[in-house]
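Understanding the architecture of this molecule
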Amino acid sequence: MKKLQKKHFYKYLIEIIIIVIGVLIAFYLTNWENEIGKRKTEKEIISQIYFELNDNLIDLKNDFEIHKNSFKSQLRVQKFLDNNKISSDSLMMDFYWMTKEEYIFPNTSAFENLKNVGMSIIKKDSLRDLITLVYNNYFPRISKGDNLHPDINEYLHPYVKNNFKVNRNENIKYTLFLGDSLKIDYPRDFGNGIKQVIGYIPLNSEKLRNDEEFRFLISEILYFRIYKIHYYQTSIINVEKILRLIENEYPKIIANNSYD
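This structure is a prediction, so every number in the text was calculated from the model and none was measured.

1. Focus: the overall build of the protein
Secondary structure assignment for the protein yields 8 helices and 6 strands. Listed by position from the N terminus, the elements making up the protein come as α-α-α-α-α-β-β-β-β-β-β-α-α-α. With 260 residues in all, the protein has 38% of them scored as buried. At a minimum sequence separation of 6, the contacts of the protein that also span at least 24 residues come to 81%. Looking at the protein as shown, the accessible area adds up to about 16,100 Å², and 54% of this sits on carbon and sulfur atoms.

Structural data, given as structure tokens:
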């Protein structure tokens, strides 16, 4: 009788062990399949982020060049105010560029997709944190509507409107360099007799030189411009860092989803 009970006990024990093993295997397979799904989703989102940031980087660099060009113009205008030897005639383009403002209008659809899925889908902490920093901190600081300081063009417009006239001389040439291979020549010819002629000319250069309001405005926008240049430069550096991290961590994604 005891032998029979013992036999039944081992039989039930073996059945329980088999059931437990089956449950564990099923649990493992489910987790394994879920992990494969997550990693597939991660790769898809990383690919989207990569190509989205590449597109945004082009705009960042072009805007950055315009801000640097405008900053140099502001410095030349400042020298004009401090040095009687500098003629206002040579600053026609600088008076124009000192008023120019640029903002980035970044594509953020891939980042929105990432937030919807869940930020934790990106396993590498440093990459996830840097992506979040760029989209949530740097991009807003140089986007229209989120800027900390006044719009430079709007800030100067009332004064410029009352103290300058627009250049209309199509024979005055100017080239804006936006990079090693991209430049814009002015006047810009759009065809059908339509041309964009740029340049602002002071109505009274001596009055302008001695106008304390103008000096104040130049001082203020110099600070605004330095702030913008700093955040554009920081954004470019960090976007390029993200792209390098993705290229190093996910080389197959980039190879399989290239534009070629």
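2. Thoughts on the nonpolar core
Ile49, Leu60, Leu127, Ile131 and Ile246 are the most contacted members of the largest nonpolar core, which has 36 residues in total. Secondary structure elements with two or more residues in this core: helix H1 (2-82), helix H3 (109-117), helix H4 (125-141), helix H7 (212-249) and helix H8 (251-256). In terms of residue count, H7 provides more of this core than any other element does, 10 residues in total. The next biggest cluster of nonpolar side chains, apart from the first, holds 28 residues, and it includes Ile66, Leu178, Leu208 and Ile218.

3. A short note on H4
The first and last C-alpha atoms of H4 sit 24 Å apart over 17 residues, in line with the 24 Å expected at 1.5 Å per residue. The largest bend in H4 is about 35 degrees, located at Val134. Those residues of H4 not exposed but buried are Leu127, Arg128, Leu130, Ile131, Val134, Tyr135, Tyr138 and Phe139.

4. So, unusual backbone geometry
Tyr186 connects to Pro187 through a cis peptide bond whose omega is 0 degrees. For Pro187, the position within the fold is in the loop between strand S3 (183-186) and strand S4 (188-191). For Asn192, which is not a glycine, the phi torsion comes out positive at approximately 55 degrees.

5. What about the packing of aromatic side chains?
A complete count under the given rule lists 15 aromatic pairs for this structure. For the ring pair Tyr155 and Phe224, a centre distance of 5.3 Å and an interplane angle of 80 degrees mean the geometry is edge-to-face. With Tyr155 in helix H5 (residues 152-163) and Phe224 in helix H7, the pair connects residues that are 69 residues apart, well separated along the chain. An aromatic cluster of three or more residues is present, and its members are Phe80, Phe95, Tyr159, Phe164 and Phe214. The cationic tip of Lys228 hangs over the ring face of Tyr103; the distance from NZ or CZ to the ring centre is 4.1 Å.

6. Quick look at the pattern of salt bridges
Following the criterion strictly, the structure yields 12 salt bridges and no others. Residue Glu249 is joined to Lys124 by a salt bridge in which the shortest nitrogen-to-oxygen separation is 3.7 Å. On the criterion of sequence distance, the pair formed by Glu249 in helix H7 and Lys124 in the loop between H3 and H4 is long-range, its members being 125 residues apart. By relative accessible area, Glu249 is classed as partly exposed at 41%. Using a relative accessible area of 29% as the deciding quantity, one classes Lys124 as partly exposed. Overlapping salt bridges bring together Lys144, Asp151 and Glu154 as one network.

7. A word on the packing of H5 against H7
Taken N-terminus to C-terminus, the directions of H5 and H7 make an angle of 170 degrees; their axes are 11 Å apart at the nearest point. Judged by the inter-axis angle, H5 sits roughly antiparallel to H7. Residues Ile152, Tyr155, Leu156 and Tyr159 of H5 form the contact with H7, whose participating residues are Glu213, Phe214, Phe216, Leu217, Glu220, Ile221, Phe224 and Arg225.

8. Quick word on the side chain of His67
Relative to the elements of secondary structure, His67 occurs in helix H1. Given a relative accessible area of 0%, His67 falls into the buried group. Reaching out from His67, the side chain makes a polar contact with the backbone oxygen of Glu102 at a distance of 3.1 Å.

9. Side note on the environment of Glu102
Its place among the elements puts Glu102 in the loop between helix H2 (92-97) and H3. A residue is classified by how much of its surface remains accessible, and Glu102, at 24% relative accessible area, is partly exposed. Put simply, Glu102 and Leu60 are 42 residues apart on the chain and 9.8 Å apart in space, counted from C-alpha to C-alpha.

What counts, and where the lines are drawn
Residues numbered from 1 in each chain as written. Predicted model: local features only at pLDDT ≥ 70, side-chain atom pairs only at ≥ 80, totals over all residues. Heavy atoms only, no water. Helix = DSSP H or I, 4+ residues; strand = E, 2+ residues; numbered from the N terminus. Buried < 20%, exposed > 50% of the residue type's maximum accessible area, 1.4 Å probe, protein only. Contact = heavy atoms within 4.5 Å. Areas by Shrake-Rupley, 256 points an atom, 1.4 Å probe, with all protein chains shown as cover. Core = buried A, V, L, I, M, F, W, Y, C linked by side-chain atoms within 4.5 Å. Expected span 1.5 Å × (residues − 1). Bend = angle between axes of the 7 residues up to and from the residue. Phe/Tyr/Trp six-rings, centres within 6.5 Å; stacked < 30°, edge-to-face > 60°. Lys NZ or Arg CZ within 6 Å of the ring centre and 35° of its normal. Salt bridge = Lys/Arg side-chain N within 4 Å of Asp/Glu carboxyl O. Axes fitted to C-alpha atoms, helices over the stretch in contact; angles between N-to-C directions. Parallel < 35°, antiparallel > 145°, perpendicular 65-115°, else oblique. Polar contact = N/O pair within 3.5 Å; in protein donor to acceptor, adjacent residues only side chain to side chain.

Function-wise, these values are silent; they only describe arrangement.
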